[in-house]
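Coordinates in review
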Amino acid sequence: MDNEEACAARDETEAERADRNFAELLQELRVIQTGVQILFAFLLTLAFTSRFPSLDSFQRGTYVTTLMLAVVAAALFTAPAAVHRGLFRRGAKKEIVSVSSRLAGTGLAVLALALTSAVLLVVDVVHGTPEGIIAGAVTLFVCVMLWGALPLGMARKFDRSGRQADRDDRNRGRDDRGPRPGRR
């Protein structure tokens, strides 16, 4: 389904579609941003705890890496607002949505690494490095599966079944989805 068909299916213009997509993206980012802020705040406080000086060099390196990954994730998740502000009222909403979507995707990848690193650090301090590495690997696996493989698998399934269903409806000359609200 191309853009024109997608807009017609939702009964919206290209501009309305771009506005809706950006609003949906911002809502997703609001949810994610809270978690990133909590992680970042947690990391900032660690350096000022009484136990921090007892960390070994691997743990300190993991801490700094985790802190920097959290900073980069936060920057990537807030960048869409800056892009929007910089291009406000310039008729570039479609481009804003496209760039913002890529920033959010990259932010999720960096956040997965930050979470992995944070779990590695905490489990290393509590149980030891081998356990920390295992816990970090499990964390990364879970993030990759839930944030990458699951949506990708669903998208592939939807593309096959959704597009086929749309073609079948057009071929039969009807739309089984019924009338849209407010339209006759």
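Report on the accompanying structure. A quick note: this is a predicted structure, and the numbers were derived from the prediction, not measured. (Residues numbered from 1 in each chain as written. Predicted model: local features only at pLDDT ≥ 70, side-chain atom pairs only at ≥ 80, totals over all residues. Heavy atoms only, no water.)

What follows deals with the overall build of the protein chain. The secondary structure content of the protein chain amounts to five helices and zero strands. Each helix and strand of the protein chain, placed in order from N terminus to C terminus, yields the pattern α-α-α-α-α. Sequence-distant contacts, at least 24 apart, represent 68% of the contacts inside the protein chain between residues at least 6 apart. (Helix = DSSP H or I, 4+ residues; strand = E, 2+ residues; numbered from the N terminus. Contact = heavy atoms within 4.5 Å.)

The contact between helix α2 (residues 14–46) and helix α4 (residues 93–127) brings their axes to 10 Å, and the two run at 25°. Judged by the inter-axis angle, α2 sits roughly parallel to α4. In this structure, α2 crosses over α4, and the sense of that crossing is left-handed. (Axes fitted to C-alpha atoms, helices over the stretch in contact; angles between N-to-C directions. Parallel < 35°, antiparallel > 145°, perpendicular 65-115°, else oblique. Left-handed = near helix turned anticlockwise from the far one by under 90°.)

Attention now moves to the nonpolar core. The biggest cluster of nonpolar side chains holds 24 residues, and the ones touching the most others in it are L39, L43, Y63, F77 and L111. Counting only elements with at least two residues in this core, the list comes to α2, α3 (57–86) and α4. The element that contributes the greatest number of residues to this core is α3, accounting for nine residues. In contact with F77, not counting residues within four places along its chain, are L29, I32, Q33, V36, A104, G107, L108 and L111. (Core = buried A, V, L, I, M, F, W, Y, C linked by side-chain atoms within 4.5 Å. Buried < 20%, exposed > 50% of the residue type's maximum accessible area, 1.4 Å probe, protein only.)

For the rest of this paragraph, the subject is the environment of Y63. Locating Y63 in the fold gives a position in helix α3. When its relative accessible area of 5% is taken as the criterion, Y63 is described as buried. On a C-alpha basis, the gap between Y63 and L120 in space is 9.4 Å, while along the polypeptide they are 57 residues apart.

Let us look at the layout of surface pockets. Once rolled over the atoms, a probe with the size of a water molecule shows which space is left empty. As a volume, the largest pocket reaches approximately 280 Å³. Here the lining of the largest pocket is composed, by residue class, of six nonpolar, three polar and two charged. (1 Å grid on protein atoms, 1.4 Å probe; cavity = no way out; pocket = protein on both sides within 12 Å on 5 of 7 lines; lining within 4 Å. Points joined across faces, edges and corners; volume = space filled by probe spheres on them. Nonpolar A, V, L, I, M, F, W, Y, C, P; charged D, E, K, R; others polar.)

Another point: the packing of aromatic side chains. Taken as a whole and assessed by the stated rule, the structure comprises one aromatic pair. Residues F52 and Y63 carry aromatic rings whose centres are separated by 5.1 Å and whose planes lie at 70° to one another, so their mutual orientation is edge-to-face. Here Y63 lies in helix α3 and F52 lies in the loop between α2 and α3, a separation of eleven residues in the sequence. Across the pair, Y63 and F52 agree in class, each one buried. (Phe/Tyr/Trp six-rings, centres within 6.5 Å; stacked < 30°, edge-to-face > 60°.)

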